[in-house]
Amino acid sequence: MSNNAENIIRDNINRVRENIDLALQTEGLHNNVELMAVTKTVEPERINMALRCGIDLIGENKVQELLSKQDYIELDGVRRHLIGHLQSNKINKIIDSIDMIESVDSLALIDQLSSKAISHGRQIDCLLEINIGREESKTGFFPEMLDEALEKAAVCRGVNVRGLMCVAPICDTESEVRSYFSSMRKLFIDKSSQNNDNVHMDILSMGMSSDYVYAVKEGANLVRVGSVIFGSRRY
Ligand SMILES: *Cc1c(COP(=O)(O)O)cnc(C)c1O
């Protein structure tokens, strides 16, 4: 039974990797794309199955869930990213458990993360989350706020801004969702060419189960995939 569960996860991961390769080929792209398995609501046993199938990057969106599972996961050689909104009073709890925070969504958070990182004797890798669809239900910087965020990062030596992240709006058509990803890529290229202290932009994190193929076609080099690997979530 559990062997069967692992085989299903392995097949799912292989299919995602094939789809990524095909998307790159179709667009004539030659960049590497990192596959993150999003493990929110997934129990440790099944997370470990994915790790045995070659996953080495996992994402959680809640601090408490990330911490409560970590003792049961075979973390050797595995990187963990936080991908959900981080409340400042939880920074201390996770800063030593996390390799990157992809969901940095305010100037205040950049400041607070930096101070905490410095007091823990480290620098923390971050992505700036962009609210590319300007949706009220989502957090993140609007594109026109990005310069201010990068200027803030430039005076916060505890952070290292490695790139941008977004969750695209739910769209009816391929061309609509691709236009959001394409805007993200333009922002990414534009800001990567600027010179700011504490900013070394090399990661464009976009694409989830429903749209990762389009994200890859538009230049994502990190995709965050959950339900297509683990099955639909039961909350
Ligand atoms: C849940 C989540 C994902 C993965 O969603 P799926 O549709 O299950 O692939 C990706 N990114 C973020 C920020 C998430 O919260």
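Residues numbered from 1 in each chain as written. Predicted model: local features only at pLDDT ≥ 70, side-chain atom pairs only at ≥ 80, totals over all residues. Heavy atoms only, no water.

Student: Could you give an account of the site of the ligand, with specific residues and numbers?
Tutor: Around the ligand sit Val38, Lys40, Ile83, Val167, Met208, Ser209, Arg224, Val225, Gly226, Ser227 and Arg233, and that is every residue in its neighbourhood. For the ligand, an oxygen atom lies 2.7 Å from a polar atom in the side chain of Lys40. At a separation of 2.5 Å, an oxygen atom of the ligand approaches a polar side-chain atom of Ser209. In isolation the ligand has 390 Å² of accessible area, and contact with the protein removes 90% of it. Using a 2 Å cut-off from the grid points, one finds that the ligand occupies the largest pocket. (Near = heavy atom within 4 Å. Polar contact = N/O pair within 3.5 Å; in protein donor to acceptor, adjacent residues only side chain to side chain. Areas by Shrake-Rupley, 256 points an atom, 1.4 Å probe, with all protein chains shown as cover. 1 Å grid on protein atoms, 1.4 Å probe; cavity = no way out; pocket = protein on both sides within 12 Å on 5 of 7 lines; lining within 4 Å. Sits in = over half its atoms within 2 Å of the grid points.)

Student: Let's hear about the environment of Ala154: which residues, and what values?
Tutor: In this structure, Ala154 sits in helix H6 (residues 146-154). The partly exposed category is assigned to Ala154, whose relative accessible area is 22%. For Ala154, the residues in contact, after removing those within four places along its chain, are Asn196, Asp197 and Asn198. (Helix = DSSP H or I, 4+ residues; strand = E, 2+ residues; numbered from the N terminus. Buried < 20%, exposed > 50% of the residue type's maximum accessible area, 1.4 Å probe, protein only. Contact = heavy atoms within 4.5 Å.)

Student: Summarise the side chain of Asn160; cite the residues concerned and give the values.
Tutor: Tracing the chain through its elements places Asn160 in strand S6 (residues 159-165). What makes Asn160 buried here is its relative accessible area of 10%. A polar contact is formed between the side chain of Asn160 and the side chain of His200, at a distance of 2.8 Å. Dropping the residues within four chain positions of it, Asn160 is found in contact with Gln123, Ile124, Asp125, Cys126, Asn198, Val199 and His200.

Student: Please give an account of empty space enclosed by the protein that cites residues and values.
Tutor: Throughout the structure, instances matching the rule amount to one cavity of 30 Å³ or more. Volume-wise, the largest cavity comes out at about 30 Å³. Lining the largest cavity we find Thr39, Ile47, Ile58, Glu60, Leu66, Lys69, Ile73 and Arg80. Tallied by class, the residues present in the lining of the largest cavity amount to four nonpolar, one polar and three charged. (Points joined across faces, edges and corners; volume = space filled by probe spheres on them. Nonpolar A, V, L, I, M, F, W, Y, C, P; charged D, E, K, R; others polar.)

Student: So what's going on with the pairing of strand S7 (residues 199-205)? Which residues, and what values?
Tutor: Counting buried positions along S7 gives five out of seven residues, so the element sits mostly inside the fold. Relative to S7, S6 is paired through four bridges, and the arrangement is parallel. Each bridged residue has a counterpart across the sheet, and for Met165 the counterpart in S7 is Ser205. Regarding the hand of the β-α-β motif, the stretch spanning S6, helix H7 (residues 174-192) and S7 is right-handed. (Pairing = 2+ DSSP bridges. Right-handed = clockwise from strand over helix to strand, strands pointing away.)

Student: Go over the nonpolar core, please, and point to the residues and values.
Tutor: Membership of the largest hydrophobic core comes to 68 residues, with the highest contact counts inside it found for Leu113, Leu128 and Leu164. Residue contributions to this core peak at six residues, all from helix H1 (residues 2-27). With sequence-adjacent residues up to four places away left out, Leu128 is seen in contact with Glu102, Val104, Ile110, Phe141, Leu146, Ala149, Leu150, Val161, Gly163, Leu164 and Met165. One finds Met36, Leu57, Leu127 and Ile203 within the second-largest nonpolar core, a separate group that totals nine residues. (Core = buried A, V, L, I, M, F, W, Y, C linked by side-chain atoms within 4.5 Å.)

Student: I'd love a proper account of the packing of helix H5 (residues 107-119) against H6, names of residues and values included.
Tutor: Following both chains from N to C, one finds H5 and H6 inclined at 15 degrees, their axes separated by 10 Å at the closest point. Classed by the angle they form, the pair H5 and H6 counts as roughly parallel. Taken as a pair, H5 and H6 cross one another with a handedness that is right-handed. On H6, the residues that touch Leu107, Ile110 and Asp111 of H5 are Glu148, Ala149, Lys152 and Ala153. Taken together, the residues that form the contact of H5 with H6 break down as four nonpolar, no polar and three charged. (Axes fitted to C-alpha atoms, helices over the stretch in contact; angles between N-to-C directions. Parallel < 35°, antiparallel > 145°, perpendicular 65-115°, else oblique. Left-handed = near helix turned anticlockwise from the far one by under 90°.)

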